[in-house]
Amino acid sequence: MIELTPQNVQLQVLAKNKAEAIRAAGQLLVETGNIAPGYVESMLGREQQANTYLGNGIAIPHGMQKDRDLIYRTGVSVVQVPDGVEWNPGQIVRLVVGIAARSDEHLGILSALTDVLDDSTKADRLAKTKDPADVIAALTRKEGHETAAPAEQLAGARHVDVKMVSAAGLHARPATYLVDVATPFQSEIRVQYGPKIANAKALASLLKLGVEHGETVRLLASGPDAQAALAALKEAIESGLGETEEAEVSAPRTMVWAPESQTRTITGVAASPGLAIGKLFQFRADHIVIKDAPRDPDIEKREFKQALETAREQLAAIYDAVQSRAGKSQAAIFRAHQALLNDTDLFSEVYSLIDAGHGAAWSWQKAISERIEDLRQLHNERLAGRAVDLSDVGQRVLQLLAGTERGDSHLPEEPVVLVAEDLTPGDTAQLDPRRILGFCTALGGPTSHTAIIARSLGIPAIVGAGPVALELTNEVACVLDGTTGRLYVEPSAADLESARRCQIDLQQERDKEFETRYQPAVLTDGHRVEVVANIGKASEAAAAVEAGAEGVGLLRTEFLFLNRTEPPSEEEQFEAYTTMTQALNRLPLIIRTLDIGGDKVVPYLAMPKEENPFLGVRGIRLCLRKPELFIPQLRAIYRASTTGPVKIMFPMIATLEDLREAKEIAEQVRTKIGVPPVEIGIMVEVPSTALMANEFAQEVDFFSIGTNDLTQYALAIDRMHPALAKQADSLHPAVLRMIDLTARAAEAAGKWVGVCGGAAGDPRGAIILAGLGVRELSMSLPSIAAVKAHLRRISLAKAKALAKEALGCKTADEVHALPLPAGY
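Reading the values: the criteria
- Residues numbered from 1 in each chain as written.
- Predicted model: local features only at pLDDT ≥ 70, side-chain atom pairs only at ≥ 80, totals over all residues.
- Heavy atoms only, no water.
- Helix = DSSP H or I, 4+ residues; strand = E, 2+ residues; numbered from the N terminus.
- Buried < 20%, exposed > 50% of the residue type's maximum accessible area, 1.4 Å probe, protein only.
- Contact = heavy atoms within 4.5 Å.
- Pairing = 2+ DSSP bridges.
- pLDDT = per-residue confidence, 0-100.
- Axes fitted to C-alpha atoms, helices over the stretch in contact; angles between N-to-C directions.
- Parallel < 35°, antiparallel > 145°, perpendicular 65-115°, else oblique.
- Left-handed = near helix turned anticlockwise from the far one by under 90°.
- Nonpolar A, V, L, I, M, F, W, Y, C, P; charged D, E, K, R; others polar.
- Patch = residues over 30% accessible without salt bridge, like charges linked within 9 Å, V, L, I, M, F, W, Y side chains within 5 Å.
- Areas by Shrake-Rupley, 256 points an atom, 1.4 Å probe, with all protein chains shown as cover.
- Salt bridge = Lys/Arg side-chain N within 4 Å of Asp/Glu carboxyl O.
- Arc of directions from axis to C-beta.
- Expected span 1.5 Å × (residues − 1).

Some points on the overall build of the protein
- Of the regular secondary structure elements, the protein holds 30 helices and 26 strands.
- For the protein, buried positions account for 55% of its 824 residues.
- Look at the contacts in the protein between residues 6 or more apart in sequence, and 70% of them connect residues 24 or more apart.

Structural data, given as structure tokens:
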């Protein structure tokens, strides 16, 4: 249980209204280092969705689950408002208990709080006391009061035991949901935890139990519908009690906005979904002109070192800010930027130029510019695109050396839709969503760090719109659709109004999807599609479960091998995989073996330069040539398989020969370790595998179709190419027909097939894929809730009919234009 101290308690607070009281509780949590300031707004937002009033003058405001990343550590604050504040009509609150819960440490305080609910005299005393110790004693049970004795069990009751999988235990939100499930039943229902028993239809009673994550409770029911009640409650608990008290059990419809009148439209590449409405503003980045004005070399070197140190501090601050808003995964980009400031070869070059008689700013600009140009000249678009990252770091140091300020001083005060030639990751990370409604860049691709950060911050964005976007006039009204990649310029007043209505509807849709994310994707006729996650590091396994994933369909193991000078040991890999199996708690984990090639810089591999690394030695081809990498990884995977349901997946399989050789090595490893076999599958990402799916199906346990690469190889389009990316559409009929071949081959062989590419995370794509016979859809975490909601609205028969129509189309546009089935 967390410790409650006087710093967590504020007495004699004057609050004019509910919002002021919540802000006071939130500010205490900020001051004690429990939350980021943004979580206070989340606490206020929760009040629009749910009633946090408990009774007896007590309320427990808390934030929304989607903002849990803003919590640094679990904490509780207590604000006393002796004069009272109206919470809801007729409900006066004098004790505000603010909660920020990352874990279940606060459950003891909640349990003690319910004792106060049962005792109006105690509640009144705490509302008037002038001593924080009274509050602390009451909420930590230090005043000699013990939990009430357990109630007697129900005579002749049926019972069932179930483990509490809710991430934070049985705190207020899941307990409220449990009450909602139990109340409709006629039977008497109890929840037993150790010696304590609570009424399942009473929130205060349930909170007294203090059940933590992973603990087992016994459900007891006595009455005419006891069996049905136990079944419903067991399922609710096993699903994580994830549907909160304010959720409606209804899946949303697909909403796509388009102007009704003729409107000028600029089309780019969709980078971050959402609708932005506002005035357009052309952003012009300052160009720093550096004159070579050398001084004493020692002074120049000292200023250069100071600029590097300041740049590192700035990047550390940006990392912290992005981490609090978007999570570690997206903030990691700025750890990489910090690493670029540790390039000793680069520093040596700058020092040599300074010693040769040049100024520090001029020397840095020359050295960094040459490296940026080298990156831009690479044939590989993905690596060439990383020149933006290096340029961002270079400009940051250059501005410090030149004494100019980096910031958004050129932006107007009112919110705008930003248009720019390009934005660096650093620029994007510091965009304020309250002032930048959305942005459109002429350059860039959908996988640039700029696009990734925009998605994580929830800023609608379009990239790769071309130079025509730079010709637009400031101040014109526009609507930016980051989902379709379209910028509508000067729409009519009626269209602007309809866009605003759609914007509100979209936000309500996202909220409903999130609240129902733990419900399985069961189609209306009972057919179930597993919805799982694509992850790229150990810490994301727990986040996947929180997002509603039913397991991990693709673990990219490259994170263990990149950004280091030597390969990971078997033990290091084993620990990482075991961390994930434990976080998943018996949910499946599909581990893809190492999938890198010449497009990645891996110092210890010393890989030769390839003209086209995507057609070279990569994936399984590399592993077969590097057994010193492959075998330790297989050993770690097989060892981890004893800790949870693990499957192995080989990437870049193009021939049966490669598959058989990989399986033979895997079997040799397994036999030496002496563990049971695990399922072995392959990525279907090259046309040869799809065309020979019947033969491959005889030798694997499952297929996982990587639609991103399959599209790239089938259509001969680099999906990272800024000019061609919009044509690399995974719903192109050619790609769908390859998926159909694979799915039919899998079904004939009694095997299952999944999809782990971008098409799985697109609601329309998910429906078509389900109709083609795909049984598992693996996607990025933000897509999980929406895809599940969309699938729950349709029957398998209708999904099959839509898939059949899609297979008969001639272009990707025809597929996208297909009307969704009636009733969807």
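Notes on the sheet that holds strand S4 (residues 75-88)
- Spatially, S1-S4-S5-S3-S2 is the arrangement adopted by the five strands of the open sheet, whose pairing is mixed. Strands with a single pairing partner mark the edges of an open sheet, and in this sheet they are strand S1 (9-10) and strand S2 (53-55).
- In the sheet, strand S3 (residues 58-59) pairs with strand S5 (residues 91-100) via two bridges, with the strands oriented parallel. Each residue of the ladder has a partner; that of Ala59, found in S5, is Val96.

So, the confidence of the model for the protein
- The share of residues in the protein with pLDDT of 70 or more is 81%, and the mean pLDDT across the chain is 82.
- Note that residues 142-152 has pLDDT below 50 and, in this model, 14 contacts with residues that lie over four places away or in other chains.
- With pLDDT under 50 throughout, residues 242-254 is counted as low confidence; its partners more than four residues away or in other chains account for 40 contacts.

Looking at the environment of Ala499
- Tracing the sequence through the fold places Ala499 in helix H17 (residues 493-515).
- Sequence-wise, Ala499 and Trp257 are 242 residues apart; in three dimensions their C-alpha atoms are separated by 6.6 Å.
- In this structure Ala499 touches Trp257, Leu275, Ile277 and Val479, once residues within four positions along its chain are discounted.

Digging into the sheet that holds strand S8 (residues 196-199)
- Pairing is antiparallel across the open sheet formed by four strands, whose spatial order is S6-S9-S7-S8. In this open sheet, the two edge strands, each paired with only one partner strand, are strand S6 (158-163) and S8. Between one strand axis and the next, the sheet turns through 25 degrees on average, direction left out of account.
- With six bridges joining them, S6 and strand S9 (residues 216-222) adopt antiparallel strand pairing. The residue of S9 that forms the bridge with Arg158 is Ala221.
- On top of the sheet, helix H8 (residues 226-238) reaches S6, strand S7 (188-193) and S9; it is set at about 5 degrees to S6, its chief contact.

With respect to unusual backbone geometry
- Non-glycine residue Met652 carries a positive phi angle of around 55 degrees.
- Along the chain, the position of Met652 falls in the loop between strand S22 (646-650) and helix H22 (656-673).
- In this structure, Ala716 is a non-glycine residue whose phi angle is positive, near 55 degrees.

Structural notes on the packing of helix H27 (residues 763-771) against helix H28 (residues 784-791)
- Their axes nearest at 9 Å, the elements H27 and H28 cross at an angle of 50 degrees. Our classification of the angle between H27 and H28 gives oblique. Considering only the axes of H27 and H28, their crossing is right-handed. Counted together, Pro763, Ala766, Ile767 and Ala770 of H27 and Val787, His790 and Leu791 of H28 form the full contact between these two elements.
- Its residues placed into classes, the contact of H27 with H28 shows six nonpolar, one polar and no charged.

Looking at a nonpolar patch on the surface
- On the surface, Leu691, Met692 and Leu741 cluster together to form a nonpolar patch covering roughly 260 Å² of accessible area.
- As for its position among the elements, Leu741 is in helix H26 (residues 733-748).

Some thoughts on the pattern of salt bridges
- Throughout the structure, instances matching the rule amount to 24 salt bridges.
- Across the pair Asp355 and Lys301 runs a salt bridge whose closest N-O atoms are separated by 2.8 Å. Note that Asp355 is positioned in helix H11 (residues 344-355) and Lys301 in helix H9 (residues 297-326), a separation of 54 residues in sequence.
- We note a salt bridge from Arg501 to Glu497, for which the minimum N-O separation is 3.9 Å. Remark: Glu497 and Arg501 occur in helix H17; sequence separation between them is four residues, near one turn of the helix.
- Using a relative accessible area of 46% as the deciding quantity, one classes Arg501 as partly exposed.
- Among the ionic contacts, a cluster of salt bridges with common partners joins Glu570, Glu571, Arg635 and Arg639.

Observations concerning the environment of Leu560
- Along the chain, Leu560 turns up in the loop between strand S20 (552-556) and helix H19 (570-584).
- Sequence separation between Leu560 and Gly536 is 24 residues; the distance between their C-alpha atoms is 9.3 Å.
- Beyond its immediate chain neighbours, meaning those up to four positions away, Leu560 contacts Pro568, Glu572, Gln573, Ala576 and Tyr577.

A look at the pairing of strand S14 (residues 436-441)
- Burial within S14 is extensive, with five of its six residues counted as buried.
- Where strand S13 (residues 416-420) lies against S14, five bridges are found, and the strand directions are parallel. Each bridged residue has a counterpart across the sheet, and for Val419 the counterpart in S14 is Cys440.
- Pairing geometry for S14 and strand S15 (residues 461-463), over two bridges, is parallel. Each bridged residue has a counterpart across the sheet, and for Cys440 the counterpart in S15 is Ile462.

Observations concerning helix H4 (residues 120-128)
- Taken residue by residue, H4 has Lys122, Ala123, Leu126 and Ala127 as its buried positions. Looking straight down H4, one finds that the buried residues subtend no more than 135 degrees of arc, so they occupy a single side. Seen from the open side of H4, the exposed residues pointing more than 90 degrees away from its buried face are Thr121 and Lys128.

Brief notes about the side chain of Thr689
- Examined against the element boundaries, Thr689 turns out to sit in helix H23 (residues 687-691).
- Judged by its relative accessible area of 1%, Thr689 falls in the buried class.
- Non-local contacts of Thr689, meaning those with residues more than four positions away in its chain, are made with Ile653, Ala654, Ile682, Val684 and Phe696.

Description of H22
- In this model, H22 (18 residues) spans 26 Å end to end at C-alpha, consistent with the 26 Å of a helix rising 1.5 Å per residue.
- Every buried residue belonging to H22 is among Leu656, Asp658, Leu659, Ala662, Ile665, Ala666, Val669 and Arg670, and all of these are buried.
- Here the buried face of H22 lies against helix H20 (620-625), helix H21 (627-640), S22, strand S23 (680-684) and helix H24 (693-697).

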